[in-house]
Amino acid sequence: MQDIDFAPEQHAIWAELYRRQVPKVRQHASALYLEGFDQLELPSDTIPTLDHLNSKIPAATGWTVVRTDVRFTDADEWYRFFDRKEFLITNYMRSRQELDWTPEPDMFHDIFGHLPFFMLPAYAALQEMFAPAYLAAESDEEKENIKRLAWYSTEFGMIEEGGELKVFGTGLMSGGDEFTNAAEGKLEYQPFTLDNVLGVDKVMYEQHDHLYVLESLDQCVAELALYLVPIAARAG
Ligand SMILES: [Fe+2]
């Protein structure tokens, strides 16, 4: 598959973000993330090639990584790719002024935040619940609710592991201060339940002051299934 020659500055930004983030995820990330991270073997000083990513992920879970020039793929398009088990990673890389926080997902978020999880079949199965429901949704409200559930679980969730609060969400995994604040218990935390999440708008252009906590991957799947499975079932 064709790949891209990124600029030296973009590789340097990758390397700097990787250097900053790895000690933090080693200390505070979910064991699930770290298991996938160790399997994926991302390079530390250059942007990973598509060949590298697709030499690992499809064999592990059947998902494929696809690069896009689009900086922010809208949800309808995103979930059509999801439905084919294709994960889009943007070619956009944040600037040096945004090393600690960028409101716009960039390739460091897409690759470093998301892709280690796609080495794990149980996690891939969780992600595979979203597209069938989204594509069968019959109203904007249902679509918004599905996006909220994804946002506060896979993108910005926390998880309990061995009595400790660990970072689970991919948006936190690629973040600076927001990761540290979440990991060090500085925010408000509530259980991840439909009742708690469905009425809550996504926080996209500022950092979160409250997050939701999964009891486990299985609890997250069970909670999501209550909302997603009946909608997906309409499509037959
Ligand atoms: Fe994301």
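These numbers were taken from a predicted model, which means no experiment stands behind them. (Residues numbered from 1 in each chain as written. Predicted model: local features only at pLDDT ≥ 70, side-chain atom pairs only at ≥ 80, totals over all residues.)

Draft legend 1. Geometry of helix α12 (residues 217–234). Its 18 residues give α12 an end-to-end C-alpha distance of 25 Å, which sits within 8% of 26 Å, the value for a rise of 1.5 Å per residue. A bend of about 45° at Ala 225 is the largest found in α12. Of all the residues in α12, the buried ones are Cys 220, Glu 223, Leu 224, Leu 228 and Ala 232. (Helix = DSSP H or I, 4+ residues; strand = E, 2+ residues; numbered from the N terminus. Expected span 1.5 Å × (residues − 1). Bend = angle between axes of the 7 residues up to and from the residue. Buried ≥ 20, exposed ≤ 12 C-beta atoms within 10 Å, placed from the backbone.)

Draft legend 2. Up close: the sheet that holds strand β4 (residues 164–167). Read from one edge to the other, the open sheet built from four strands follows the order β4-β3-β6-β5, with strand pairing classed as mixed. Edge strands, defined here as strands with exactly one partner in the open sheet, are β4 and β5 (188–191). Taken over all neighbouring pairs, the strand axes of this sheet differ in orientation by 40° on average, direction set aside. Where β5 lies against strand β6 (residues 210–214), four bridges are found, and the strand directions are parallel. What sits directly across from Tyr 189, in β6, is Leu 211. (Pairing = 2+ DSSP bridges. Axes fitted to C-alpha atoms, helices over the stretch in contact; angles between N-to-C directions.)

Draft legend 3. Here's a closer look at the pairing of β4. When strand β3 (residues 158–161) meets β4, the two strands line up antiparallel, connected through four bridges. In the sheet register, Glu 160 faces β4, and the bridge partner there is Leu 165. Between β3 and β4, which pair antiparallel one after the other, the connecting turn spans two residues, and Gly 162 there sits at a positive phi close to 60°.

Draft legend 4. Structural detail: the nonpolar core. Counting 60 residues, the largest nonpolar core has Phe 130, Ala 133, Ile 146, Val 167 and Met 173 as its most contacted members. Counting residues per element, this core draws most heavily on helix α8 (residues 140–155), at five residues. Discounting chain neighbours no more than four positions away, the residues touching Phe 130 are Tyr 79, Phe 82, Ile 146, Ala 150 and Leu 228. (Core = buried A, V, L, I, M, F, W, Y, C linked by C-beta atoms within 7 Å. Contact = placed C-beta atoms within 7 Å.)

Draft legend 5. Up close: the packing of α8 against α12. Interhelical geometry of α8 versus α12 gives an angle of 165° and a closest axis separation of 11 Å. One finds that α8 runs roughly antiparallel with respect to α12. When the axes of α8 and α12 are compared, the crossing they make is left-handed. Taken together, the residues of α12 that come into contact with α8 (itself represented by Glu 142, Asn 145, Ile 146, Leu 149 and Ser 153) are Cys 220, Leu 224, Tyr 227, Leu 228 and Ile 231. Its residues assigned to classes, the contact of α8 with α12 comprises seven nonpolar, two polar and one charged. (Parallel < 35°, antiparallel > 145°, perpendicular 65-115°, else oblique. Left-handed = near helix turned anticlockwise from the far one by under 90°. Nonpolar A, V, L, I, M, F, W, Y, C, P; charged D, E, K, R; others polar.)

Draft legend 6. Expanded view of unusual backbone geometry. Despite not being glycine, Glu 41 shows a phi value in the positive range, around 50°. Assignment of secondary structure puts Glu 41 in the loop between α2 (31–40) and α3 (50–61). Taking the C-beta count within 10 Å as the criterion, Glu 41 has 13 such neighbours and is therefore assigned partly exposed. Its identity as a non-glycine residue notwithstanding, Lys 85 has a phi of 55°, on the positive side. Within the element layout of this structure, Lys 85 appears in the loop between α4 (75–83) and β2 (86–90).

Draft legend 7. Here's a closer look at α4. Considered for burial, the residues of α4 that qualify are Trp 78, Tyr 79 and Phe 82. For α4, the arc enclosing every buried residue in end-on projection is 90°, short of the 170-degree limit, so these residues lie on one face. Facing away from the buried side of α4 by over 90 degrees, the exposed positions are Asp 76 and Glu 77. Those residues of α4 that are buried lie in contact with β2 and α7 (130–136). Lys 85 occupies a position one or two residues after α4 and carries a positive phi of about 55°. (Arc of directions from axis to C-beta.)

Draft legend 8. Representation of the environment of Gln 190 within the structure. Take Gln 190: it is sitting in strand β5. Since 15 C-beta atoms lie within 10 Å of it, Gln 190 is described here as partly exposed. A C-alpha to C-alpha distance of 9.7 Å links Gln 190 and Met 158, two positions 32 residues apart in sequence.

Draft legend 9. Representation of the environment of Gln 39. Looking at the secondary structure, you find Gln 39 in helix α2. Taking the number of C-beta atoms within 10 Å as the measure of exposure, Gln 39 has 13 and is therefore partly exposed. On a C-alpha basis, the gap between Gln 39 and Gln 97 in space is 31 Å, while along the polypeptide they are 58 residues apart. Setting aside chain neighbours within four positions, we find Gln 39 in contact with Lys 56, Ala 60 and Met 119.

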